[in-house]
Amino acid sequence: MSKIHVTIVRLVLSGLDPAARHAFVTGLKAELRRALADPAQCANWASSRRTPVLRLGRVVLDPGIGGARKLGGHVAKGITRGIKP
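Residues numbered from 1 in each chain as written. Predicted model: local features only at pLDDT ≥ 70, side-chain atom pairs only at ≥ 80, totals over all residues. Heavy atoms only, no water.

Bringing the overall build of the protein into the picture now. A count of helices and strands for the protein gives three helices and zero strands. Its helices and strands taken in sequence order, the protein reads α-α-α from the N to the C terminus. Burial analysis of the protein (85 residues in total) assigns 26% to the buried set. A separation of at least 24 residues holds for 65% of the contacts in the protein among residues at least 6 apart in sequence. Looking at the protein as shown, the accessible area adds up to about 6400 Å², and 56% of this sits on carbon and sulfur atoms. (Helix = DSSP H or I, 4+ residues; strand = E, 2+ residues; numbered from the N terminus. Buried < 20%, exposed > 50% of the residue type's maximum accessible area, 1.4 Å probe, protein only. Contact = heavy atoms within 4.5 Å. Areas by Shrake-Rupley, 256 points an atom, 1.4 Å probe, with all protein chains shown as cover.)

Structure, rendered in structure tokens:
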């Protein structure tokens, strides 16, 4: 089993209040953890490669902390889709 290390150097979340920023990061981490824990996906991503920029397309921010958490999850899903084997 390979280890996957994810490093986010900077995360700019302009326009979100502190509670929404925290919820966004919580959703992002939770979805990345879930997706990267899948052994089938890890086997596909075993070769080393860097992807400095991913285009995620349009994302929608629903109101409130739940919306920020949901947005974080959607961004994480976009990241995992962008990592192609």
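Right, let's get into the pattern of salt bridges. Opposite charge on two side chains permits pairing when their charged atoms draw close. A full pass over the atoms with the stated rule returns two salt bridges. In this structure, Glu31 and Arg34 form a salt bridge, with 2.4 Å as the shortest nitrogen-oxygen distance. With Glu31 and Arg34 both in helix H1 (residues 18-36) and three residues apart, the pair spans about one turn of that helix. With a closest N to O distance of 3.2 Å, Lys70 and Asp62 form a salt bridge. The partly exposed category is assigned to Lys70, whose relative accessible area is 47%. Using a relative accessible area of 30% as the deciding quantity, one classes Asp62 as partly exposed. (Salt bridge = Lys/Arg side-chain N within 4 Å of Asp/Glu carboxyl O.)

What follows deals with a nonpolar patch on the surface. Together, Val6, Ile8 and Leu11 make up a nonpolar patch on the protein surface, roughly 260 Å² of accessible area in all. Within the secondary structure layout, Leu11 lies in the segment before H1. (Patch = residues over 30% accessible without salt bridge, like charges linked within 9 Å, V, L, I, M, F, W, Y side chains within 5 Å.)

Classification of Glu31 by relative accessible area gives buried; the value is 11%. Only 2.4 Å separates the side chain of Glu31 from the side chain of Arg34, close enough to count as a polar contact. Every residue in contact with Glu31, bar those within four places of it in the chain, is listed here: Gly73, Ala76 and Lys77. (Polar contact = N/O pair within 3.5 Å; in protein donor to acceptor, adjacent residues only side chain to side chain.)

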